[in-house]
Amino acid sequence: QVQLVESGGGLVQAGGSLRLSCAASGRSFSSYHMGWFRQAPGKEREFVALISWSTGYTAYADSVKGRFTISRDNAKNTVYLQMNSLKPEDTAVYYCAASGTVITTSASRYNYWGQGTQVTVSS
């Protein structure tokens, strides 16, 4: 079992920045690929960013590339999402997730999920 808890969300003006954190507990955090997803009301959950467990390989959705940065600190069992140049369309609940095997952008392939943290960007 892996438990994930997100924090760092809030209300910010367009053009501002937020740093989200995801704290993990349980076994073998460093063996999991980690991803960030988001979901707006009435819409499907969508991929935002991921980072591998071994090489530090990262990938981003086109909509956030160049603005968001994913990182992890295995010693602290924590993954981060630095969000810069925020836009109103970034407004959503943000979730972190863990995958035990394949590096993937598909939400259905992730095994564990946090409870989510709200990010609201005003214009």
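Residues numbered from 1 in each chain as written. Predicted model: local features only at pLDDT ≥ 70, side-chain atom pairs only at ≥ 80, totals over all residues. Heavy atoms only, no water.

Undergrad: Explain the overall build of the chain here, please?
TA: Looking only at helices and strands, one finds zero helices and 11 strands in the chain. Each helix and strand of the chain, ordered N terminal to C terminal, gives the series β-β-β-β-β-β-β-β-β-β-β. Buried residues in the chain amount to 43% of all 123 residues. Once local pairs closer than 6 in sequence are excluded, the contacts in the chain between residues at least 24 apart make up 58%. Accessible surface, the chain as shown: approximately 6,200 Å² in total, 47% of it carbon and sulfur. Distance from the positive charge centre (11 side chains) to the negative charge centre (7 side chains) of the chain: 5 Å. (Helix = DSSP H or I, 4+ residues; strand = E, 2+ residues; numbered from the N terminus. Buried < 20%, exposed > 50% of the residue type's maximum accessible area, 1.4 Å probe, protein only. Contact = heavy atoms within 4.5 Å. Areas by Shrake-Rupley, 256 points an atom, 1.4 Å probe, with all protein chains shown as cover. Lys, Arg positive; Asp, Glu negative; His and termini not counted. Charge placed at Lys NZ, Arg CZ, Asp CG, Glu CD.)

Undergrad: Can you help me understand the environment of T78 in this one?
TA: With respect to the helices, strands and loops of the structure, T78 is situated in strand 8 (residues 78–83). Those residues in contact with T78, other than ones at most four positions away along the chain, are S21, C22, A23, F29, R72 and D73.

Undergrad: Can you help me understand the state of the cysteines in this one?
TA: Covalent bonding between the sulfur atoms of two cysteines defines a disulfide. Within the structure shown, the criterion is met by one disulfide. The partner cysteine of C22 in its disulfide is C96, sulfur to sulfur 1.9 Å. Torsion about the S-S bond of the C22 and C96 cystine: about 50°, corresponding to right-handed handedness. Pair noted here: C22 is in strand 3 (residues 18–26) and C96 is in strand 9 (residues 92–99), with a separation of 74 residues, a long-range link. (Disulfide = S-S within 2.5 Å.)

From the geometry alone we can't say anything about function, so treat these as descriptive.
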